[in-house]
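# Summary of the model geometry
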Amino acid sequence: MDGQIPRRLKFALRIPGLPQGKWLDVGAGVGHYLQFMPTGSLGLDIKEDNSKNILYWNFSEGFPKKVLDAIDVVWCSNLIEHVLDPHKFLIDLRGVFSAHEQSMLLLACPNSTLFKKGPWRGTLASDHVNFFNLTTLKLTVEFAGYKIVFAGSPSFPHLPLWISRILGPFGPTLLIAA
């Protein structure tokens, strides 16, 4: 492992009911988060890297057979805002879970409601095709058939989870656990 566990992932690990087992990092990039996930976890990205357990995948193809019905926790950080059809993506993603009732989706994205200038100007980046606030992200996840167990912001990592829920609409990053 290289460095300290990223703050967003460290926050997500505090969510009650988080299953033990294999994780899938969808949109893994260079494996920044994947290296801190349990042994046997996999990443998906448009650039395959076998040395980091990152498989090739893009939105126009189904999920690789290796991940179907094999995953306990799905991690999607800074991905959903790039997805052309987030509803279909979330429905299709259900096929990777090993035990659907005990599995969990962790979904993080920029909050595009309040912060459009200064350090939060990236929420309106040119390659973002969807823009979420906490309410619209929750609805998108629920309409895809998930039951939300946490909705808030990981931007307040040292505060209790209940405060992160309350402050969720005001944080630069949103996090849903479902």
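Above: the structure in question.
Glancing now at the overall build of the chain. When helices and strands are counted, the chain shows 4 helices and 7 strands. Listing the helices and strands of the chain from first to last along the sequence gives α-β-β-β-β-α-β-α-β-α-β. Burial statistics for the chain: of 178 residues in total, 48% are counted as buried. For the chain, long-range pairs separated by at least 24 residues make up 63% of all intrachain contacts whose partners lie at least 6 apart in sequence. Accessible area of the chain: about 9200 Å², with a carbon and sulfur share of 57%.

So, about the environment of Arg8. For Arg8, the location among the structural elements is in helix H1 (residues 7–12). Owing to a relative accessible area of 17%, Arg8 belongs among the buried residues under this scheme. Along the chain, Arg8 and Phe156 lie 148 residues apart, while their C-alpha atoms are 9.5 Å from each other. Once residues within four sequence positions are removed from consideration, Arg8 is found in contact with Tyr33, Trp75, Ser77, Asn78, Ala108, Pro154 and Thr173. A polar side-chain atom of Arg8 sits 2.7 Å from a polar atom in the side chain of Ser77.

Turning next to the nonpolar core. In this structure, Val26, Val74, Phe89, Leu90 and Leu93 are the most contacted members of the largest nonpolar core, which totals 32 residues. Every element with two or more residues in this core is listed here: strand S1 (23–26), strand S2 (42–45), strand S4 (73–77), helix H2 (86–93), strand S5 (104–110), helix H3 (134–143) and strand S7 (173–177). Here Val74 is in contact with Leu24, Val26, Leu93, Val96, Phe97, Met104, Leu105 and Leu106, once residues within four sequence places are set aside. Ranked by size, the runner-up nonpolar core spans 21 residues in total, among them Leu34, Phe36, Met37 and Leu106.

Reading guide: rules and limits
- Residues numbered from 1 in each chain as written.
- Predicted model: local features only at pLDDT ≥ 70, side-chain atom pairs only at ≥ 80, totals over all residues.
- Heavy atoms only, no water.
- Helix = DSSP H or I, 4+ residues; strand = E, 2+ residues; numbered from the N terminus.
- Buried < 20%, exposed > 50% of the residue type's maximum accessible area, 1.4 Å probe, protein only.
- Contact = heavy atoms within 4.5 Å.
- Areas by Shrake-Rupley, 256 points an atom, 1.4 Å probe, with all protein chains shown as cover.
- Polar contact = N/O pair within 3.5 Å; in protein donor to acceptor, adjacent residues only side chain to side chain.
- Core = buried A, V, L, I, M, F, W, Y, C linked by side-chain atoms within 4.5 Å.

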